[in-house]
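For reference, the chains in residue letters:
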Amino acid sequence: QVQVVESGGGLVQPGGPLRLSCAASGSIFSIYAVGWYRQAPGKQRELVASITSDDKTHYADSVKGRFTISRDNAANTVYLQMSALKLADTAVYYCNVNSLSGDYWGQGTQVTVSS
């Protein structure tokens, strides 16, 4: 069975850093891209950042320059390094693996930016 597990969320002060991890396991055939999404209360889920199999990256305008997505292929892990966090970054962050066999989602990890 395919499993996608996010970790690294927590409480962080405004301006602080936080690194999220997305670890995939199981048989996922031909991964096209991995994306980080987030959903804040009362808002729709939005794409935050993504990285393709050929290392092309995309960032939402709201996080560009503050967040960095990267991968560790050996560990089957994609990271989202977040810096200069704002209150508006508070959300549940989800990892999505887009592959030939379908989309796989993690359970989400809560990021709360607060003083």
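Just above sits the structure.
The structure presented is a predicted model; accordingly, all values stated were derived computationally and were not measured.

Novice: Can you walk me through a nonpolar patch on the surface in this structure?
Specialist: Together, Phe-29, Tyr-32 and Leu-100 line one region of the surface with nonpolar side chains, adding up to about 340 Å² of accessible area. Mapping Leu-100 onto the fold places it in the loop between strand 9 (91–99) and strand 10 (102–105).

Novice: So what exactly am I meant to see when it comes to the layout of surface pockets here?
Specialist: With a probe scaled to a water molecule rolled over the atoms, the places where space remains empty come into view. In this structure, the largest pocket spans a volume of roughly 290 Å³. At the level of elements, strand 3 (18–25), strand 4 (31–39), strand 7 (67–72) and strand 8 (77–82) are the ones that each hand at least two residues to the lining of the largest pocket. It is strand 3 that contributes the most residues to the lining of the largest pocket, three residues altogether. Of the residues belonging to the lining of the largest pocket, the class tally is seven nonpolar, six polar and three charged.

Novice: Looking at this model, I keep getting lost on unusual backbone geometry. Mind explaining?
Specialist: The backbone of Asn-76 shows a phi angle near 50 degrees, a positive value even though the residue is not glycine. Here Asn-76 shows up in the loop between strand 7 and strand 8. Despite not being glycine, Ala-84 shows a phi value in the positive range, around 50 degrees. Mapped onto the elements, Ala-84 comes out in the loop between strand 8 and strand 9.

Novice: What should I look at first to understand the side chain of Glu-6 in this one?
Specialist: Among the secondary structure elements, Glu-6 is positioned in strand 1 (residues 3–7). At 8.3 Å, Arg-45 is the nearest oppositely charged side chain to Glu-6, a buried residue that forms no salt bridge. Setting aside residues no more than four positions away along its own chain, Glu-6 makes contact with Ser-21, Cys-22, Trp-36, Tyr-93, Tyr-94, Cys-95, Gly-106, Gln-107, Gly-108 and Thr-109.

About the cut-offs
- Residues numbered from 1 in each chain as written.
- Predicted model: local features only at pLDDT ≥ 70, side-chain atom pairs only at ≥ 80, totals over all residues.
- Heavy atoms only, no water.
- Patch = residues over 30% accessible without salt bridge, like charges linked within 9 Å, V, L, I, M, F, W, Y side chains within 5 Å.
- Areas by Shrake-Rupley, 256 points an atom, 1.4 Å probe, with all protein chains shown as cover.
- Salt bridge = Lys/Arg side-chain N within 4 Å of Asp/Glu carboxyl O.
- Helix = DSSP H or I, 4+ residues; strand = E, 2+ residues; numbered from the N terminus.
- 1 Å grid on protein atoms, 1.4 Å probe; cavity = no way out; pocket = protein on both sides within 12 Å on 5 of 7 lines; lining within 4 Å.
- Points joined across faces, edges and corners; volume = space filled by probe spheres on them.
- Nonpolar A, V, L, I, M, F, W, Y, C, P; charged D, E, K, R; others polar.
- Buried < 20%, exposed > 50% of the residue type's maximum accessible area, 1.4 Å probe, protein only.
- Lys, Arg positive; Asp, Glu negative; His and termini not counted.
- Contact = heavy atoms within 4.5 Å.

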